[in-house]
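Each chain, written out:
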Amino acid sequence: WDRESGETRWLLDDPNRNIEGAFVPHGSDKAVILEVKEARIRATLLDVDTGEETHLPDVPGNIIPVAPVAGGEWVMQYYSSRQPVNLVRTLPQSTDSEQFTSLNRIWEQTELKPEDLAQAEDFRWKSVDGLEIQGWLYKPRGEARGTIVYVHGGPTSHSEDRLNAEVQFYVSQGFNVLDPNYRGSTGFSVEFREAIKEEGWGGREQDDISSGVEALIRDGIAQPGQVGITGTSYGGYSAWCAITHCPLSIIAASAPVCGMTDLVVDYETTRPDLRPYSEEMMGGNPEEARERYYKGSPINFVGNIEGRLMIVQGLQDPNVSPENVRAVRGALDKAGIRYEVAAFEDEGHGIKRTKNRRALYPRLVDFFEKAFTSM
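(A) The arrangement of the side chain of Ser278 in detail. Within the fold, Ser278 resides in helix H7 (residues 275-282). Ignoring sequence-local partners within four residues, the contact set of Ser278 consists of Trp201, Tyr267, Gly284 and Tyr293.

(B) Up close: the nonpolar core. Core analysis: the largest hydrophobic core is formed by 78 residues, its most contacted members being Trp201, Ile251 and Leu332. With near-sequence residues (within four places) excluded, Leu332 lies in contact with Trp240, Val302, Ile305, Leu309, Ile311, Ile337 and Tyr339. Residues Leu45, Leu56, Val59 and Ile63 belong to the second largest nonpolar core, which totals 16 residues.

(C) Layout of the sheet that holds strand E5 (residues 62-68). Sheet architecture is open: four strands sit in the order E5-E6-E7-E8, paired in antiparallel fashion. Across the chains shown, the open sheet's two edge strands, defined by having one partner strand only, are E5 and strand E8 (101-102). For E5 and strand E6 (residues 74-80), the ladder comprises six bridges, and the chain directions are antiparallel. Counterpart to Ile63 in the pairing with E6 is Tyr78.

(D) Highlighting the packing of aromatic side chains. Applying the stated criterion to the full structure yields 14 aromatic pairs. Within the aromatic cluster, the residues linked to one another by ring pairs are Tyr182, Trp201, Tyr234, Tyr237 and Tyr277. Across from the ring centre of Tyr79, 4.4 Å away, lies the NZ or CZ of Arg162, which sits over that ring. The ring of Tyr267 carries the charged tip of Arg275 above its face, separated from the ring centre by 5.9 Å.

(E) Up close: the pattern of salt bridges. Scanning the entire structure with this criterion turns up 26 salt bridges. The partner of Lys30 in a salt bridge is Asp29, and the shortest N-O contact between them spans 3.8 Å. Its relative accessible area of 28% is what places Lys30 among the partly exposed residues. Classification of Asp29 as partly exposed rests on a relative accessible area of 42%. For Glu199, the salt bridge goes to Arg204, with nearest N and O atoms at 3.4 Å. Residue class for Arg204 comes out partly exposed when judged on its relative accessible area of 23%. It is possible to trace a salt-bridge network through shared partners that takes in Asp129, Arg183, Glu198, Glu199, Arg204 and Asp208.

(F) Representation of the layout of surface pockets. By volume, the largest pocket amounts to about 380 Å³. Lining the largest pocket we find 17 residues, and of these Tyr150, Glu166, Thr232, Gly350 and Arg357 sit closest to its centre. Every element with two or more residues in the lining of the largest pocket is listed here: strand E11 (147-151), helix H2 (165-172) and helix H10 (354-373). Sorting elements by how many residues they give to the lining of the largest pocket places H10 first, with three residues. Of the residues belonging to the lining of the largest pocket, the class tally is seven nonpolar, seven polar and three charged.

(G) Focus on a nonpolar patch on the surface. On the surface, Val66, Leu87 and Leu103 cluster together into a nonpolar patch covering about 220 Å² of accessible area. When you line up the elements, Leu87 lands in strand E7 (residues 83-90). Since its relative accessible area comes to 35%, Leu87 is described here as partly exposed.

(H) The packing of helix H4 (residues 204-218) against helix H5 (residues 234-245), seen in detail. It is at 10 Å that the axes of H4 and H5 come closest, and there the two elements cross at 75 degrees. The angle between H4 and H5 falls in the class roughly perpendicular. On the side of H4, the interface is formed by Glu205, Gln206 and Ile209, while H5 contributes Tyr234, Tyr237, Ser238 and Cys241. Of the residues in the contact of H4 with H5, the class split is four nonpolar, two polar and one charged.

Conventions and cut-offs
- Residues numbered from 1 in each chain as written.
- Predicted model: local features only at pLDDT ≥ 70, side-chain atom pairs only at ≥ 80, totals over all residues.
- Heavy atoms only, no water.
- Helix = DSSP H or I, 4+ residues; strand = E, 2+ residues; numbered from the N terminus.
- Contact = heavy atoms within 4.5 Å.
- Core = buried A, V, L, I, M, F, W, Y, C linked by side-chain atoms within 4.5 Å.
- Buried < 20%, exposed > 50% of the residue type's maximum accessible area, 1.4 Å probe, protein only.
- Pairing = 2+ DSSP bridges.
- Phe/Tyr/Trp six-rings, centres within 6.5 Å; stacked < 30°, edge-to-face > 60°.
- Lys NZ or Arg CZ within 6 Å of the ring centre and 35° of its normal.
- Salt bridge = Lys/Arg side-chain N within 4 Å of Asp/Glu carboxyl O.
- 1 Å grid on protein atoms, 1.4 Å probe; cavity = no way out; pocket = protein on both sides within 12 Å on 5 of 7 lines; lining within 4 Å.
- Points joined across faces, edges and corners; volume = space filled by probe spheres on them.
- Nonpolar A, V, L, I, M, F, W, Y, C, P; charged D, E, K, R; others polar.
- Patch = residues over 30% accessible without salt bridge, like charges linked within 9 Å, V, L, I, M, F, W, Y side chains within 5 Å.
- Areas by Shrake-Rupley, 256 points an atom, 1.4 Å probe, with all protein chains shown as cover.
- Axes fitted to C-alpha atoms, helices over the stretch in contact; angles between N-to-C directions.
- Parallel < 35°, antiparallel > 145°, perpendicular 65-115°, else oblique.

Below is the structure:
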């Protein structure tokens, strides 16, 4: 730690640590080091004079020190799947989140209670090549009506133990939800993050997702023919990959949201500044990596679709352009595949407006329910 420059190079450059950031709060002689471990934020306090690190104890969810206050306490940001982002006051060594003092009194601003929300459970399984995959499993009260796989976008990001309104809505309607952190996700290791590049998009990261469904079925949590999949952006792309490659017993329904269908079309019609990212992930542009772009494009496999399909798209999307939908609809029509479309004129990349979410989420629930009951 260099006090004059304020840099923590020896930490930030450590490939064995997923350092998210480091800062020195005003009035403190300790730096806050934020690290992602197994998709959770873990914090340490670093003495800027001695370099000694003090690890904060693990608590349910995620806690981030913000600033020291009187009496040895700190103001911290605290959140989890059952706790909206909250500012709390507590001692750094405290392990009992119920004893945290809320500063913004968030639960006084809603009729909801923590017990109304589903807890994210750490769920792990082995993929096709033996790689361990982590995900978050949410369960409803009582017997589940089916299972929905909710896939995060990116792919260079990760799902954490955090309140997600869409996930919680599905659970409230009686569905299990699996939120997988497939290879390519951040928050595990550099090797895990970079593994998606070995085959490019549409490779074994998709096996990571389908093998998670198989693990749920083996454990009796999900039932064959009673699993659907959705997600936005790369999550939507994964939903396309699943419905075009998985049997009905694994994926019975798919609702891709703003997902790529033809990786060549996507490359040509996306924002120009995103093309280098596609090249990095795929090992080149469509001319240089032609076979990878073909194999990774769900449009080339729509003839395999057996389950239900609902396409969701924002018509102002600059990232995954509506041209993806136009192209795949032509292929679906040619193959005689039935499908639904939910298009939103006033949406871009993702369905974000409150009025549109209120319309879409119940429609998705109805879509999955009908798919499962028809099996």
